Amino acid sequence: MDLGLKGKIGVITGASVGIGLAIAEGLAAEGTNLVLAARGGERLEAEAARIGEKYGVSATAVAADVATVAGTEAIIAAAAEKGGADILINNAGTGSNETVMEAPDEKWQAYWDLHVMAAVRLARGIAPQMKRRGGGVILHNASICAIQPLWYEPIYNVSKSALMMFSKTLSTELIPDNIRVNCVNAGLILTPDWIKTAKQLTAENGGNWEGYLQSVANEHAASKRFGTPEELANVFVFLSSERASYCIGSTYFVDGGMLKTI
Ligand code: NDP
């Protein structure tokens, strides 16, 4: 299936590892030129160079913190330098661990800036570029936790829920400019971060981190396995394409059967 993504320009945040990196590879494999953002410049630049060479696309690395105004401005400027973006994937984010009773205001604010304000600021800066190019696609990587919470991470649940609603609201505002906005809610996706956590949690009890991850999958997902970043990236790539032309303002679950409602 030709997805018609060759020569498009895609911006991906959190693109140096895990899901964002898999989306970058997926889009590059379709011939999309990339602007890749993450805080750590070294790892990002290495991945951008590797992807550019492997797929014959241009891949620009922007070391930027998306939770800041300056960071989002740098990303918007890099996209403008390439002629403007056609695709924006708001992917950067991270889990949390706290109780509502103990977490300070500063932590709530930090997650709000990372999960919500980054998407708001990037949409404000990049949607006008898309409009000038005749349209575009904005995708938000929220989480199944946006509607089915994990109790140890209330700040994550709440901020991802807000991101999902932002996506819905933005979609109506931007569709007159032919910009399609959608949200993806993933379940358990096996990224290096999960492996690191599993190794830490099992270090003092024999180090069976793979067994720990299997127990997490058994507990949460009907499929009893984690998804790969590539399985999730495939959905992002499809939604980025014209083949998804009637997908507007929705949230798509990619969760291996983890969602407990219809
Ligand atoms: P990883 O921790 O593996 O990667 C996160 C990426 O985001 C890295 O490139 C990191 O680079 C970047 N990043 C983090 N904070 C910032 C910031 N402030 N500014 C710019 N870049 C940043 O995460 P995953 O791939 O696992 O997750 C990606 C997204 O998917 C997240 O939003 C997460 O909530 C969501 N998700 C993940 C699931 C999973 O099971 N893995 C399930 C559901 C949703 P650097 O540290 O250098 O900035």
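Residues numbered from 1 in each chain as written. Predicted model: local features only at pLDDT ≥ 70, side-chain atom pairs only at ≥ 80, totals over all residues. Heavy atoms only, no water.

Novice: Explain the domain arrangement of the chain here, please?
Specialist: It is common to report an interface's size as the accessible area lost on association of the parts. Segmentation of the chain into domains returns domain 1 (9-189 + 228-254) and domain 2 (190-226). Computed over C-alpha atoms, the centres of domain 1 and domain 2 are 26 Å apart. Of the roughly 760 Å² buried where domain 1 meets domain 2, counting both sides, 64% is carbon and sulfur surface. In terms of surface lost to domain 2, no three residues of domain 1 exceed Leu188, Ile189 and Glu231, which account for 62% of the buried area on that side. One can count one salt bridge joining domain 1 with domain 2. Glu231 is the salt-bridge partner of Arg225, the closest N and O atoms lying 2.8 Å from each other. Between the two partners, domain 1 and domain 2, sit two residue pairs in polar contact (both at pLDDT 80 or more). Those elements that place two or more of their residues in the side of domain 1 that touches domain 2 are α1 (18-29) and α8 (229-240). Broken down by class, the residue content of the side of domain 1 that touches domain 2 amounts to six nonpolar, two polar and one charged. (Domains from an automatic or database assignment. Buried area = accessible area lost by both parts, 1.4 Å probe. Salt bridge = Lys/Arg side-chain N within 4 Å of Asp/Glu carboxyl O. Polar contact = N/O pair within 3.5 Å; in protein donor to acceptor, adjacent residues only side chain to side chain. Helix = DSSP H or I, 4+ residues; strand = E, 2+ residues; numbered from the N terminus. Nonpolar A, V, L, I, M, F, W, Y, C, P; charged D, E, K, R; others polar.)

Novice: What should I look at first to understand the site of the ligand in this one?
Specialist: Around the ligand sit 29 residues in total, of which Ser16, Arg39, Asp65, Asn91 and Tyr156 are the nearest. Val66 has a polar backbone atom sitting 2.9 Å from a nitrogen atom of the ligand. In the environment of the ligand, an oxygen atom lies 2.9 Å from a nitrogen or oxygen atom belonging to the side chain of Trp194. Here the ligand, which alone exposes 890 Å², has 89% of that area covered by the protein. When contributions to the shell around the ligand are tallied by element, the ones reaching two or more residues are α1, α5 (154-174) and α6 (192-202). Considering only residue class, the shell around the ligand consists of 14 nonpolar, ten polar and five charged. (Near = heavy atom within 4 Å. Areas by Shrake-Rupley, 256 points an atom, 1.4 Å probe, with all protein chains shown as cover.)

Novice: What's the story with the packing of aromatic side chains in this structure? I'm lost.
Specialist: On inspection of all chains with the given rule, the structure shows one aromatic pair. On the basis of an interplanar angle of 80 degrees and a centroid distance of 5.1 Å, the ring pair of Trp194 and Phe226 is categorised as edge-to-face. With Trp194 in helix α6 and Phe226 in the loop between α7 (209-220) and α8, this pair connects stretches of sequence that are 32 residues apart. On the accessibility criterion, Trp194 (23% relative accessible area) is partly exposed. (Phe/Tyr/Trp six-rings, centres within 6.5 Å; stacked < 30°, edge-to-face > 60°. Buried < 20%, exposed > 50% of the residue type's maximum accessible area, 1.4 Å probe, protein only.)

Novice: So what exactly am I meant to see when it comes to the pairing of strand β3 (residues 59-63) here?
Specialist: Moving residue by residue along a regular strand, the side chains alternate between the two faces of the sheet. Two elements, strand β2 (residues 33-38) and β3, share five bridges in a ladder whose sense is parallel. Looking across to β3, one finds that Val35 is bridged to Thr60. Viewed along the sheet, the connection from β2 through helix α2 (residues 41-55) into β3 turns out right-handed. (Pairing = 2+ DSSP bridges. Right-handed = clockwise from strand over helix to strand, strands pointing away.)

Novice: Help me out: how do you make sense of the layout of surface pockets in this one?
Specialist: The calculated volume of the second largest pocket comes to roughly 260 Å³. In terms of lining residues, the second largest pocket is bounded by 18 residues, among which Lys8, Gly135, Gly136, Val137 and Glu242 are the most central. (1 Å grid on protein atoms, 1.4 Å probe; cavity = no way out; pocket = protein on both sides within 12 Å on 5 of 7 lines; lining within 4 Å. Points joined across faces, edges and corners; volume = space filled by probe spheres on them.)

Novice: What exactly am I supposed to notice about the pattern of salt bridges here?
Specialist: Side chains carrying opposite charge are able to pair once their charged atoms draw close together. All told, the structure shown has seven salt bridges when counted by the stated rule. The salt bridge partner of Arg50 is Glu25, with a shortest N-O separation of 2.8 Å. Here Arg50, found in helix α2, pairs with Glu25, found in helix α1; they are 25 residues apart in sequence, far enough to count as distant. In this structure Arg50 comes out as partly exposed when scored by relative accessible area, which is 33%. Look at the salt bridges and you will find they share partners, linking Glu25, Glu47, Arg50 and Lys54 into a network.

Novice: What should I look at first to understand the sheet that holds strand β7 (residues 251-254) in this one?
Specialist: Paired through their backbone hydrogen bonds, the strands of a sheet run either parallel or antiparallel. Read across the open sheet, the seven strands follow the order β3-β2-β1-β4-β5-β6-β7; overall the sheet is parallel. Since the sheet does not close on itself, it has two edges, and those belong to β3 and β7, each with one partner. Strand-to-strand twist in this sheet, taken as the mean axis angle between neighbours without regard to direction, amounts to 15 degrees. Pairing analysis gives three bridges linking strand β1 (residues 9-13) to strand β4 (residues 87-90), with the strands arranged parallel. Directly across from Ile12, in β4, lies its bridge partner Ile89. Sitting on the sheet, α8 is in contact with β4, β5 (136-141), β6 (179-186) and β7, with an inclination near 155 degrees to β5. (Axes fitted to C-alpha atoms, helices over the stretch in contact; angles between N-to-C directions. Contact = heavy atoms within 4.5 Å.)

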